Amino acid sequence: MNRRARTAFETERSATAAAKRTDRFDRAFVHRERAHIRRQRRAWPHVGSHVDMLRIGWKRRDRRETAGHCRRIVAAALLSRLRVPLGDTGGADVPPPRPMPIPDDLAGIHGEVGSGHARGR
């Protein structure tokens, strides 16, 4: 992972942790989705994103997110290295194979344009 991508991921991960410490779980989830965009091509960090989203869903008492991430943890472990949709935020409200636009401030870090699919690395 290049330096810009790692910095973008670490920034979102830190913002997630800060929001969780202050019980701002909706904000934490937004930052975790942004971190998910950056790490979904790597199997274990991708799984970790979904585990954290599961925890946030549990804290928010969001049954849909909690159930959705139980399934997505397994899928992330099995499929991350094969094919992932670019820009997918990872939330349970998004169909898993759907590519999504990448936020402008995250686009270009790996040369993504926000459409299509990328092969895992």
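Our subject is the structure listed above.
Draft legend 1. Looking closely at the nonpolar core. Formed by Ala-19, Phe-25, Ala-28, Phe-29, Met-53 and Ile-56, the largest nonpolar core amounts to six residues. The element contributing the most residues to this core is helix H2 (residues 25-39), with three residues. In this structure Ala-19 touches Arg-24, Arg-27 and Ala-28, once residues within four positions along its chain are discounted.

Draft legend 2. Local environment of H2. Between its first and last C-alpha atoms H2 spans 20 Å; for 15 residues at 1.5 Å apiece the expected length is 21 Å, and the two agree. Most of H2 is tucked away: twelve of the 15 residues are buried. Looking at H2, one finds that the buried residues are Phe-25, Ala-28, Phe-29, His-31, Arg-32, Glu-33, Arg-34, Ala-35, His-36, Ile-37, Arg-38 and Arg-39. At its buried positions, H2 is contacted by helix H1 (3-21), helix H3 (43-59) and helix H4 (63-79).

Draft legend 3. How the structure looks around the pattern of salt bridges. All chains considered together, the criterion is met by six salt bridges. Between Glu-12 and Arg-34 there is a salt bridge, with the nearest N and O atoms lying 2.8 Å from each other. A residue pair is termed long-range when its members are at least 10 positions apart, and Glu-12 in helix H1 and Arg-34 in helix H2 qualify at 22 residues. Judged by its relative accessible area of 17%, Arg-34 falls in the buried class. The salt bridge partner of Asp-26 is Arg-60, with a shortest N-O separation of 3.0 Å.

Draft legend 4. Seen up close, the side chain of His-36. The residue His-36 is located in helix H2 in this model. When its relative accessible area of 1% is taken as the criterion, His-36 is described as buried. Within the structure, the side chain of His-36 is placed 2.8 Å from the backbone oxygen of Asp-88, a separation counted as a polar contact. When neighbours within four sequence positions are excluded, His-36 is seen to be in contact with His-46, Ser-49, His-50, Met-53, Asp-88, Thr-89 and Gly-90.

Draft legend 5. Representation of the environment of Ile-73. Relative to the helices and strands, Ile-73 is located in helix H4. With 25 residues separating them in the primary sequence, Ile-73 and Gly-48 have C-alpha atoms 8.1 Å apart. The contacts of Ile-73, once residues within four sequence positions are left out, are Val-47, His-50, Val-51 and Leu-54.

Draft legend 6. Fine view of the packing of aromatic side chains. Enumeration according to the criterion identifies zero aromatic pairs in this entry. One residue, Arg-39, lies across the ring of Phe-9, its end atom 4.7 Å from the ring centre. The positively charged end of Arg-60 is found above the aromatic ring belonging to Phe-29, 4.8 Å away from the centroid.

Draft legend 7. Looking closely at the side chain of Thr-16. For Thr-16, the position within the fold is in helix H1. Assessed through its relative accessible area of 2%, Thr-16 is described here as buried. Here Arg-32 takes part through its backbone nitrogen, which lies 3.3 Å from a polar atom of the side chain of Thr-16. Residues contacting Thr-16, with those up to four places away along its chain left out, are Ala-28, His-31, Arg-32, Asp-52 and Ile-56.

Each value, and the rule that gives it
Residues numbered from 1 in each chain as written. Predicted model: local features only at pLDDT ≥ 70, side-chain atom pairs only at ≥ 80, totals over all residues. Heavy atoms only, no water. Core = buried A, V, L, I, M, F, W, Y, C linked by side-chain atoms within 4.5 Å. Buried < 20%, exposed > 50% of the residue type's maximum accessible area, 1.4 Å probe, protein only. Helix = DSSP H or I, 4+ residues; strand = E, 2+ residues; numbered from the N terminus. Contact = heavy atoms within 4.5 Å. Expected span 1.5 Å × (residues − 1). Salt bridge = Lys/Arg side-chain N within 4 Å of Asp/Glu carboxyl O. Polar contact = N/O pair within 3.5 Å; in protein donor to acceptor, adjacent residues only side chain to side chain. Phe/Tyr/Trp six-rings, centres within 6.5 Å; stacked < 30°, edge-to-face > 60°. Lys NZ or Arg CZ within 6 Å of the ring centre and 35° of its normal.

In short, shape yes, function no, at least from these values alone.
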